[in-house]
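Structural overview for review
These are the residues of each chain, in order.
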Amino acid sequence: MTQSQLIQHFYAPDRKITVAKLGHQLKRENFSLNELVDLTFYPDKDIALKSSRLLQYILFKFPENYYQDIEYFIGRIEDANTPISKKPYAKILMHVTSPEVPREVRNKMKEINLERAVELCFVWMTDPKTSVSVRVSACEALFNMRHRYPWIAEELSKQMELLSINASPNLLAKFNYISSFLHPEE
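Residues numbered from 1 in each chain as written. Predicted model: local features only at pLDDT ≥ 70, side-chain atom pairs only at ≥ 80, totals over all residues. Heavy atoms only, no water.

**As for the overall build of the protein chain**
When helices and strands are tallied, the protein chain shows eleven helices and zero strands. Secondary structure of the protein chain in N-to-C order comes out as α-α-α-α-α-α-α-α-α-α-α. Taken over the C-alpha trace, the protein chain has a radius of gyration of 17 Å; the compact-globule value for 186 residues is 16 Å, and the two agree within 12%. Seen along its three principal axes, the alpha-carbon backbone of the protein chain occupies a region of about 55 × 35 × 25 Å. The buried share of the protein chain, reckoned over its 186 residues, is 44%. (Helix = DSSP H or I, 4+ residues; strand = E, 2+ residues; numbered from the N terminus. Rg over C-alpha atoms; globule rule 2.2 N^0.38 Å. Buried < 20%, exposed > 50% of the residue type's maximum accessible area, 1.4 Å probe, protein only.)

**A word on helix H6 (residues 83-96)**
The terminal C-alpha atoms of H6 lie 20 Å apart, and with 14 residues this matches the ideal 20 Å at 1.5 Å per residue to within 8%. The buried count for H6 comes to ten of 14 residues, which makes it a mostly enclosed element. Taken residue by residue, H6 has Ser85, Lys86, Pro88, Tyr89, Ala90, Ile92, Leu93, Met94, His95 and Val96 as its buried positions. Next to the buried residues of H6 lie helix H3 (33-39), helix H4 (45-61), helix H5 (70-76), helix H7 (103-111), helix H8 (115-126) and helix H9 (132-144). (Expected span 1.5 Å × (residues − 1). Contact = heavy atoms within 4.5 Å.)

**What to know about the environment of Tyr149**
Following the sequence through the fold, Tyr149 ends up in the loop between H9 and helix H10 (151-163). With residues up to four places along the chain from it excluded, the contact list for Tyr149 reads Ile112, Asn113, Leu114, Glu115 and Val118.

**A word on unusual backbone geometry**
For Asn30, which is not a glycine, the phi torsion comes out positive at approximately 55°. Residue classification places Asn30 among the exposed positions, given a relative accessible area of 66%.

**So, H10**
When the terminal C-alpha atoms of H10 are compared, their 18 Å separation across 13 residues agrees well with the 18 Å that a helix rising 1.5 Å per residue should span. What H10 keeps buried is the set Ile152, Leu156, Ser157, Gln159, Met160 and Leu163. In this fold, the buried residues of H10 make contact with H8, H9 and helix H11 (169-182).

So this is what it looks like as structure tokens:
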């Protein structure tokens, strides 16, 4: 399947294929992850949304099949400046920085400069206009990257303390959970 065919598939009104089925099909056909990442920024918001959901499914379900292309995804994180793209990008970043991803992904992530992604996660986490789900995912991604960038732990702890005053219940729950690992003695 080409990128154009995927776009046409998204436009077809009679297509009732699930994200899971389409994700499996793209994996079988070795569809380019880079092309899918590009589609998440497509001018048509419906195509961008469907592409974002598909990208999230693929990188959660088959990260080991696409680990060579994760650097391209990381490089495009700065472009995720709409609610349509922020949510899946934050969730994917949280996932690919997790210690539970396959070894190939963890090793690839060690080769990638994540400093801009770290900065962006702090921006997303601290921006009250950003959705709670994005803020929660950004917080967890930062927590996952604290061993690679040791300064994150202290800054994350400070930011969570400041943000806890007006935090939503979901965000506060994530802060409390992460704080229990950052400060186990408390």
